[in-house]
Amino acid sequence: MNKDPRPALLCITPAPAIDRTAHVERLAHGEVLRPTEMFVLPGGKGVNAARAAVALGGRAVTTGIAGGHAGRWIVEALSAEGLEPHWAFAKAESRTAYVTVDEAGQSMLVYERSTPATPDEYDAFIRLLEERLLPACARAVVAGSIPSGLPARRHGEIVEAARHAGVPLLVDASGPGLVAALEAEPDIVKIGRVEAVESGVAGDDASALDAAVALVERGATLAVVTDGADEVAAADASATWRLSVPTVEVVNPVGSGDSFNAALSLALMDGEDLPTALARGVAAGSANALTKSAASLDPLVVSALEDDVTITTEER
């Protein structure tokens with residue numbers, strides 16, 4: 001860890017990727033697409049959250065399991081960005097994610113399956129969290145899937161490690177990983193409504209608010225559920241919140257959820273009340289959609305958009 005005295009947000013990406021984002025004039029099936037711009041960056045949801053946190057003036061530490069030559073490149077590039085990498089390593093090469101975005105804001109995403117890790121490699125990662133990183137950070141975010149080849153229950157070990165360290169943790173996961181994290185009773189779960197439905201936590205017809213309440217009933221202390229451009233819902237044991245989403249002209253939606261996670265976490269670290277922190281998360285997600293490269297948001301835009309967010313609170 002460096003000597004920066006500011007409290008750090010630990011951004012955990014268990015299975016990172018190299019993100020290759022191509023901007024094209026239009027997406028057209030069956031045609032050769034020639035990029036007008038290319039961005040190649042270390043990626044994964046936790047990495048994007050770290051990038052957004054730094055863009056918003058915070059300090060972020062990144063970790064996860066980096067594999068092979070690709071993993072070494074990821075760590076070197078994160079260091080160059082000032083995202084304080086402290087990673088465990090695996091033999092298998094870290095994956096690549098491919099994103100193509102057109103001028104209308106439509107996107108096509110191709111994500112390789114999570115890079116595998118052995119049980120011993122994952123054990124070393126958990127020890128790194130427990131012994132070095134969590135004790136040195138103020139809050140944490142874990143986002144994305146764990147490496148393939150491991151049982152989903154191991155996602156819960158990250159939640160347990162944060163609890164033992166006394167560090168509040170936000171979980172952004174899906175499928176069996178989300179279910180395993182909920183069983184470990186995380187502080188915050190922030191996911192999309194689709195992920196809640198696909199994980200079986202909420203029914204097909206559930207609203208974002210229904211899904212947030214269901215997540216709390218399954219173990220989350222606070223649940224936040226987004227639903228694209230529709231309103232964001234949050235719930236805890238005593239209240240619910242519904243937040244409007246500002247209308248923006250979407251350039252690239254990739255990284256909006258991760259920017260939400262970063263802004264929400266930083267606001268809570270700064271002592272803001274929950275409604276303010278939620279509104280800042282919504283604003284950051286919207287601001288991210290205006291940028292070509294994921295999580296490269298402008299804090300002045302975030303501040304302006306936050307004024308457009310309306311909040312409705314109800315007791316449960």
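My aim in this report is to walk through the structure given alongside it, one point at a time. What you see is a predicted model; the values in this text were computed from it and never measured.

1. Some details on the sheet that holds strand β12 (residues 230–235)
- Taken in spatial order, the ten strands of this open sheet run β5-β4-β1-β8-β9-β10-β11-β12-β13-β14, and their pairing is mixed. In this open sheet, the two edge strands, each paired with only one partner strand, are β5 (88–90) and β14 (311–315). The average angle at which neighbouring strand axes cross in this sheet is 15°, direction not considered.
- Relative to strand β4 (residues 60–67), strand β1 (residues 9–13) runs parallel, the two sharing five bridges. In the sheet register, L10 faces β4, and the bridge partner there is V61.
- The strands touched by helix α1 (residues 45–55) within the sheet are β1, β4, β8 (139–143) and β9 (169–172), with β1 carrying the most contacts at an inclination of about 155°.
- Against the sheet, helix α9 (residues 274–288) contacts β11 (222–227), β12, β13 (239–243) and β14, and its axis sits at roughly 30° relative to β13.

2. Some details on the nonpolar core
- Within the largest apolar cluster, 50 residues are counted, with the highest numbers of intra-cluster contacts made by L10, F125, L129, I158 and L215.
- Take this core: its biggest share by element is seven residues, from helix α7 (residues 208–217).
- Every residue in contact with F125, bar those within four places of it in the chain, is listed here: I12, T63, G64, I65, A88 and I158.
- In terms of nonpolar packing, the next biggest core, distinct from the first, is built from 46 residues, A50, L78, A239 and W241 among them.

3. Observations concerning α7
- In terms of burial, α7 is a largely internal element, seven of the ten residues being buried.
- For α7, every residue scored as buried is listed here: A208, A211, A212, V213, A214, L215 and V216.
- Those residues of α7 that are buried are in contact with α5 (175–183), β10 (188–192), α6 (193–198), β11, β12 and β13.
- G219, located one to two residues past α7, shows a positive phi value of around 140°.

4. A word on the packing of aromatic side chains
- Considering all chains together, one arrives at one aromatic pair under this definition.
- In this structure, K190 packs its charged tip against the face of F260, placed 5.3 Å from the ring centre.

5. Points about the sheet that holds strand β2 (residues 17–23)
- Taking strand neighbours across the sheet as the criterion, the four strands line up as β3-β2-β6-β7 in an open arrangement whose pairing is mixed. Both edges of this open sheet fall to β3 (37–43) and β7 (107–111), since each of them pairs with a single strand only. Strand-to-strand twist of the sheet, defined as the mean angle between neighbouring strand axes without regard to direction, takes the value 15°.
- Two elements, strand β6 (residues 95–101) and β7, share five bridges in a ladder whose sense is antiparallel. The residue bridging V99 from the neighbouring strand is L109, located in β7.

6. Observations regarding a nonpolar patch on the surface
- Taken together, the side chains of M38, V40 and W73 make up a nonpolar region of the molecular surface, amounting to roughly 240 Å² of accessible area.
- Turning to its location among the elements, V40 is positioned in strand β3.

7. As for the packing of helix α4 (residues 155–165) against α5
- Contact pair α4 / α5: the axes reach a minimum separation of 7 Å and the direction vectors enclose 35°. Crossing hand, α4 versus α5: right-handed. Of the residues in α5, those in contact with H155, G156 and V159 of α4 are G177, A180 and A181.

Rules of the game
- Residues numbered from 1 in each chain as written.
- Predicted model: local features only at pLDDT ≥ 70, side-chain atom pairs only at ≥ 80, totals over all residues.
- Heavy atoms only, no water.
- Pairing = 2+ DSSP bridges.
- Helix = DSSP H or I, 4+ residues; strand = E, 2+ residues; numbered from the N terminus.
- Axes fitted to C-alpha atoms, helices over the stretch in contact; angles between N-to-C directions.
- Contact = heavy atoms within 4.5 Å.
- Core = buried A, V, L, I, M, F, W, Y, C linked by side-chain atoms within 4.5 Å.
- Buried < 20%, exposed > 50% of the residue type's maximum accessible area, 1.4 Å probe, protein only.
- Phe/Tyr/Trp six-rings, centres within 6.5 Å; stacked < 30°, edge-to-face > 60°.
- Lys NZ or Arg CZ within 6 Å of the ring centre and 35° of its normal.
- Patch = residues over 30% accessible without salt bridge, like charges linked within 9 Å, V, L, I, M, F, W, Y side chains within 5 Å.
- Areas by Shrake-Rupley, 256 points an atom, 1.4 Å probe, with all protein chains shown as cover.
- Salt bridge = Lys/Arg side-chain N within 4 Å of Asp/Glu carboxyl O.
- Left-handed = near helix turned anticlockwise from the far one by under 90°.

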